[in-house]
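Topology and contacts: notes
The lines below spell out each chain.
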Amino acid sequence: RAAIARKLERHNGIACGPENVAVCTGSSGAFYAAGTTFLDPGDEVILFEPYYGYHYNTVVGLGLTPVLVPMKPPAWTLDPSDLARAVTPRTRAVVLCTPGNPSGKVWSPAELDALGAFCIEHDLTVLTDEIYEHIVYDGVRHTPMATRPGMRARTVTISGCSKTFAVTGWRVGYVIAPSDAARRIAVAHDLLYVCPPTPLQHACAAGLRMPKEYFDSLSGSYQKKRDILCNALRDVGLTPYV
């Protein structure tokens, strides 16, 4: 937890300590534990479409009602009127994935601020999945929702080691939240999953101490593969959303 907190402060600009961290069985386990902590069956949760299947199915599995708000390609923009229509007295949370799976959308600071103002206005919690934080292209930078004005106290940041270190099967994820919320999430997670394997937690703690150059190199490696794939799609007459 201390290694995660140091990494969040160093790379993400989120000042926190071990008391703000709950280590979970992957980011999916983190999302489920956070959902059981903050939400009750019958609550409505806003998701942006296209959405990640685990997010939608976890919401349904918890007895919550997913409310879908479409984003429009090719830039996956959001129409504020669609978001305004989605909120009801039963709305309790928004699920945000940035960088996005499956769209690849990276929310800009201005877009995050607009969503943050909406959440403050309607007193909503944001569950934000940021596990792809280091896989961004073309000079784009990932901005954590918890760093935006007024959002630290109402944001639960979910991430993990799976994508950053290519160890998806290890199932080591984590949640960053205000200390009282992190403690409650840890209790819920313990009852659901107990914990990720301890030896692999030690390995991930070592990985999180890697120099900045390692994290910076990830995007370059993945961008080469993205460009190969997108060029191949164009060669056969298809139009990829890059």
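Calculation rules
- Residues numbered from 1 in each chain as written.
- Predicted model: local features only at pLDDT ≥ 70, side-chain atom pairs only at ≥ 80, totals over all residues.
- Heavy atoms only, no water.
- Pairing = 2+ DSSP bridges.
- Helix = DSSP H or I, 4+ residues; strand = E, 2+ residues; numbered from the N terminus.
- Contact = heavy atoms within 4.5 Å.
- Axes fitted to C-alpha atoms, helices over the stretch in contact; angles between N-to-C directions.
- Parallel < 35°, antiparallel > 145°, perpendicular 65-115°, else oblique.
- Left-handed = near helix turned anticlockwise from the far one by under 90°.
- Nonpolar A, V, L, I, M, F, W, Y, C, P; charged D, E, K, R; others polar.
- Core = buried A, V, L, I, M, F, W, Y, C linked by side-chain atoms within 4.5 Å.
- Buried < 20%, exposed > 50% of the residue type's maximum accessible area, 1.4 Å probe, protein only.

Turning our eyes to something else, we now look at the sheet that holds strand 6 (residues 125–129). Across a sheet, strands are paired by hydrogen bonds formed along the backbone, either parallel or antiparallel in direction. What the eight strands build is an open sheet, ordered 1-8-7-6-5-2-3-4; its pairing is mixed. The open sheet has two free edges, formed respectively by strand 1 (21–24) and strand 4 (77–78), since each of these has just one partner strand. Where strand 1 meets strand 8 (residues 173–176), four bridges bridge the pair, whose relative direction is antiparallel. Residue pairing for strand 8: V21 is matched across the bridge by I176. Strands strand 1, strand 5 (91–97), strand 6, strand 7 (155–160) and strand 8 of the sheet are contacted by helix 2 (residues 26–38), whose axis makes an angle of about 160° with strand 7. Taken strand by strand, helix 6 (residues 179–193) contacts strand 1, strand 7 and strand 8, and its axis lies near 20° from that of strand 1.

Two elements in contact, helix 2 and helix 3 (residues 53–61), have axes whose closest approach is 10 Å; the angle formed by their N-to-C orientations is 30°. Comparing their axes, helix 3 and helix 2 come out roughly parallel. Along this stretch, helix 2 crosses helix 3, giving a crossing that reads as right-handed. Every residue of helix 3 that contacts helix 2 at S28, F31 and Y32 is listed here: Y54, H55, T58 and V59. When grouped by side-chain class, the residues that make up the contact of helix 2 with helix 3 number four nonpolar, three polar and no charged.

Counting residues in hydrophobic clusters, the biggest one holds 22 residues, and the most contacted among them are V45, V156, V175 and I185. Among the secondary structure elements, those contributing two or more residues to this core are strand 1, helix 2, strand 2 (44–49), strand 5, strand 7 and helix 6. Sort the elements by how many residues they give to this core and helix 2 lands first, with four residues. When residues no more than four places from it in sequence are discounted, the contact partners of V45 are L39, V59, L64, T65, P66, V67, A93 and V95.

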